[in-house]
Amino acid sequence: MNNSKGRLIGIGVGPGDPDLLTVKAVKTLESVPVICSPKSSKNKPSVALSIVQGILDGREYEYKVIEPIFPMIEDQKALESYWDLAAQLISKELDEGRDVSFITLGDPSIYSTFSYVANLIEKQGYSVEMIPGITSFTGCAASAGITLGEKDEIILVVPKVDERLKGLLEHADTMVIMKTSRHSKMLEEIIEGDPREKKVLSIQNCGMDDEKIFEGFAKNKRYLSTTIVKFNDFKTHEKS
Ligand SMILES: C[S@@+](CC[C@H](N)C(=O)[O-])C[C@H]1O[C@@H](n2cnc3c(N)ncnc32)[C@H](O)[C@@H]1O
């Protein structure tokens, strides 16, 4: 590890409500010289940046924002070229001895683009750290007032609905389905094919002004959408 170089710090900014940032995330965002805020396209504002904007506006020290593009495409080769570009942008700052905070929705260890870039940066000999965040599905469970797991219940977290799910589903007491915009039809068929009683809740834009919680599967293609399926036991908690 080269100590004269900056560190890359992946910061989980939670699902949407700025009050759900950790104290450590806030302290780091108040002082780090460079914020890396990934965007899905040049003209689309970053949701993660909007969550931390209030903290950045209140900063005493100058800071710089770098905004690599990570388009929502499936082509692996093309994606890798975007990760390479992001790693180059970040390593330029690290070489100058500046720490870079890569902000990411939820938690950086859960299906985040941070991990691909972090791997590249780590391979180049820089140091990489993570500050955990409240992941979207625990934020969604809190908003919906449901418990994800009790006693020996198994919680299954699924990023992609495909054939693998059929063998796993019977063992799960709770299922969390992320990225639902990609696969709603197959999802419904598989879950409805399970003979157990079930409750299906969808949570969209959790923690944001336009948060929506409803029973059933989401029919729209909203990206920030999570579905939670509880089998057999449907406890919900009234919110205060
Ligand atoms: C690329 S993954 C990122 C997950 C994130 N790292 C985490 O810890 O939650 C994006 C998926 O997370 C879920 N998600 C993230 N933020 C959300 C929110 N505010 N409301 C509902 N679902 C959300 C959605 O399923 C979305 O498709």
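What you are looking at is a predicted structure, and each value in this text was computed from that prediction instead of being measured. (Residues numbered from 1 in each chain as written. Predicted model: local features only at pLDDT ≥ 70, side-chain atom pairs only at ≥ 80, totals over all residues. Heavy atoms only, no water.)

Caption draft 1: View of the site of the ligand. Taken together, 19 residues sit near the ligand, with Asp107, Ile110, Thr135, Ser136 and Ser225 positioned nearest. In the model, an oxygen atom of the ligand is placed 2.8 Å from a nitrogen or oxygen of the aspartate 107 main chain. Here an oxygen atom of the ligand sits 2.8 Å away from a polar atom, N or O, in the main chain of serine 225. Here the ligand loses 96% of its free accessible area of 570 Å² to cover by the protein chains. Listed by contribution, the elements that provide at least two residues to the shell around the ligand are helix H5 (136-144) and strand S10 (225-231). Split by residue class, the shell around the ligand holds 11 nonpolar, six polar and two charged. Mapped onto the domain boundaries, the shell around the ligand takes at least three residues apiece from domain 1 (7-131) and domain 2 (136-231). (Near = heavy atom within 4 Å. Polar contact = N/O pair within 3.5 Å; in protein donor to acceptor, adjacent residues only side chain to side chain. Areas by Shrake-Rupley, 256 points an atom, 1.4 Å probe, with all protein chains shown as cover. Helix = DSSP H or I, 4+ residues; strand = E, 2+ residues; numbered from the N terminus. Nonpolar A, V, L, I, M, F, W, Y, C, P; charged D, E, K, R; others polar. Domains from an automatic or database assignment.)

Caption draft 2: Main features of the sheet that holds strand S7 (residues 174-177). Spatially, the five strands line up as an open sheet ordered S6-S7-S10-S8-S9, and their pairing is mixed. Single-partner strands in this sheet number two, and they are strand S6 (155-158) and strand S9 (212-215). On average, each strand axis in the sheet is tilted by 15° relative to the strand beside it, whichever way the strands run. Judged from the four bridges that link them, S7 and S10 form a sheet pairing that is antiparallel. The residue of S10 that forms the bridge with threonine 174 is lysine 230. With respect to the sheet, H5 is in contact with S6, S7, strand S8 (198-204), S9 and S10, its orientation differing from that of S10 by roughly 65°. (Pairing = 2+ DSSP bridges. Axes fitted to C-alpha atoms, helices over the stretch in contact; angles between N-to-C directions. Contact = heavy atoms within 4.5 Å.)

Caption draft 3: Highlighting the pairing of S8. Counting buried positions over the seven residues of S8 gives five, a clear majority of the element. Of the strand pairs in this sheet, S8 and S10 are connected by seven bridges, and their pairing is antiparallel. Within the sheet, the bridge partner assigned to serine 202 lies in S10 and is threonine 227. Looking at chain direction, S8 and S9 are connected through four bridges and run antiparallel. Across the sheet, the residue bridging to leucine 201 is glutamate 215, located in S9. (Buried < 20%, exposed > 50% of the residue type's maximum accessible area, 1.4 Å probe, protein only.)

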